[in-house]
Amino acid sequence: MVGYDPEAKCVSSVEAAAAGSASGLVTRVLVSPLDVIKIRFQLQIEQLSSRNPGAKYHGILQAVQRIFQEEGLVAFWKGHVPAQFLSVGYGAVQFMAFESLTKLVHITTSYNARDSFVHFVCGGLAACTATVAVQPVDTLRTRFAAQGEPKIYHSLRHAVVTMYRTEGPRTFYRGLTPTIIAIFPYAGLQFSFYNILQQFSEWVIPAEGRKGGNVKNLVCGSCAGIISKTLTYPFDLFKKRLQVGGFEHARAAFGQVR
């Protein structure tokens, strides 16, 4: 169950946090290679085209091959430790806050806790809360995935100490503004579209044919994520560019830096 539902057996806030952490952990392990490629693409100033002689990366398959040849297989999991802190922490705070907020709306207002508008607002607020909580590890994750060889940061501790000493504590919150601007509509749309798609599936599929609930949840969640991420993606690009500000020396081998 995602969100409070007075007509169903609801999970507690702690159970919601545990579910969010577990889902974040498993998802991060599976998608980390794609995330590394995405960050490399976002930070490359040159056009992603083989016709551009200055472009290091041209496409997904070429990027996979080049990263593997130059940095080895483990490069696809660069920054995996802070990435797991990011996923587990973000998932826990987001799902716990969303469960609590939808329950609060049901108790204190006349709105239906399963209403798409309620899910949009509560989902956005929950995501903003989670973003502020985990922004420092998000910045660390981006820098680890962005750096080439030889490494500037050799470990998580080394990165934290170096960034704090050379750039100050505020550097851990680089890119927070565009993240907050993007995350509210992103998460709100994700939760609301998920709710709409779930209700649509219940309307389309007859009661006697409703099997494979996990597959339905996977399809609805994936579609909701694709729609919301596509609409808010430019802000993610802004965030990544801001997070590597002052880190240009680690990207000399990747082409232009600004």
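Here the structure is a predicted model, which is why all the values come from computation and not from measurement. (Residues numbered from 1 in each chain as written. Predicted model: local features only at pLDDT ≥ 70, side-chain atom pairs only at ≥ 80, totals over all residues. Heavy atoms only, no water.)

1. Brief notes about the pattern of salt bridges
(1) Moving on: Across all of its chains, the model carries 13 salt bridges by this definition.
(2) Moving on: Here E70 ties to R66 by a salt bridge, and the two come within 2.8 Å at their closest N and O atoms. With E70 and R66 both in helix α2 (residues 60-71) and 4 residues apart, this pair spans about one turn of that helix.
(3) Moving on: By relative accessible area, E70 is classed as partly exposed at 40%.
(4) Moving on: Each member of the salt-bridge network shares a partner with another, and the members are R28, D35, K38, D138, R141, D236, K239 and K240. (Salt bridge = Lys/Arg side-chain N within 4 Å of Asp/Glu carboxyl O. Helix = DSSP H or I, 4+ residues; strand = E, 2+ residues; numbered from the N terminus. Buried < 20%, exposed > 50% of the residue type's maximum accessible area, 1.4 Å probe, protein only.)

2. Quick look at the confidence of the model for the chain
(1) Moving on: Per-residue pLDDT for the chain averages 82, and the proportion of residues at 70 or more is 90%.
(2) Moving on: At the low end of the mean pLDDT range in the chain sits helix α6 (residues 176-204), at 80; at the high end sits helix α5 (residues 156-167), at 92. (pLDDT = per-residue confidence, 0-100.)

3. Let's talk about the packing of aromatic side chains
(1) Moving on: Per the counting criterion, the structure on display carries 4 aromatic pairs.
(2) Moving on: With a centroid separation of 5.7 Å and an interplanar angle of 85°, the aromatic rings of F120 and F184 are classed as edge-to-face. A residue pair is termed long-range when its members are at least 10 positions apart, and F120 in helix α4 (residues 116-146) and F184 in helix α6 qualify at 64 residues.
(3) Moving on: By relative accessible area, F120 is classed as partly exposed at 24%.
(4) Moving on: Aromatic pair F144 and Y153: ring centres 6.1 Å apart, planes at 65°, arrangement edge-to-face. There is no split in this pair, since F144 and Y153 are both buried.
(5) Moving on: Over the ring of Y186 we find K229; its NZ or CZ atom is 4.9 Å from the centre of that ring. (Phe/Tyr/Trp six-rings, centres within 6.5 Å; stacked < 30°, edge-to-face > 60°. Lys NZ or Arg CZ within 6 Å of the ring centre and 35° of its normal.)

4. Some points on the nonpolar core
(1) Moving on: Ranked by internal contacts, the top residues of the largest apolar core, which has 14 residues, are L43, L140, Y153, A159, M163, V244 and F247.
(2) Moving on: Of all the secondary-structure elements, those providing two or more residues to this core are α1 (13-43), α4 and α5.
(3) Moving on: The element best represented in this core is α4, accounting for 4 residues.
(4) Moving on: The residues touching V244, leaving out its near neighbours within four places in the chain, are L43, T142, R143 and A146.
(5) Moving on: Counting residues in hydrophobic clusters, the runner-up holds 10 residues, among them L86, Y90, A130 and A187. (Core = buried A, V, L, I, M, F, W, Y, C linked by side-chain atoms within 4.5 Å. Contact = heavy atoms within 4.5 Å.)

5. A look at the packing of helix α3 (residues 80-108) against α4
(1) Moving on: Two numbers describe how α3 lies on α4: the axes approach to 8 Å, and their chain directions differ by 165°. In terms of orientation, α3 lies roughly antiparallel with respect to α4. Crossing of α3 against α4: the hand is right-handed.
(2) Moving on: Of the residues in the contact of α3 with α4, the class split is 20 nonpolar, 8 polar and 2 charged. (Axes fitted to C-alpha atoms, helices over the stretch in contact; angles between N-to-C directions. Parallel < 35°, antiparallel > 145°, perpendicular 65-115°, else oblique. Left-handed = near helix turned anticlockwise from the far one by under 90°. Nonpolar A, V, L, I, M, F, W, Y, C, P; charged D, E, K, R; others polar.)

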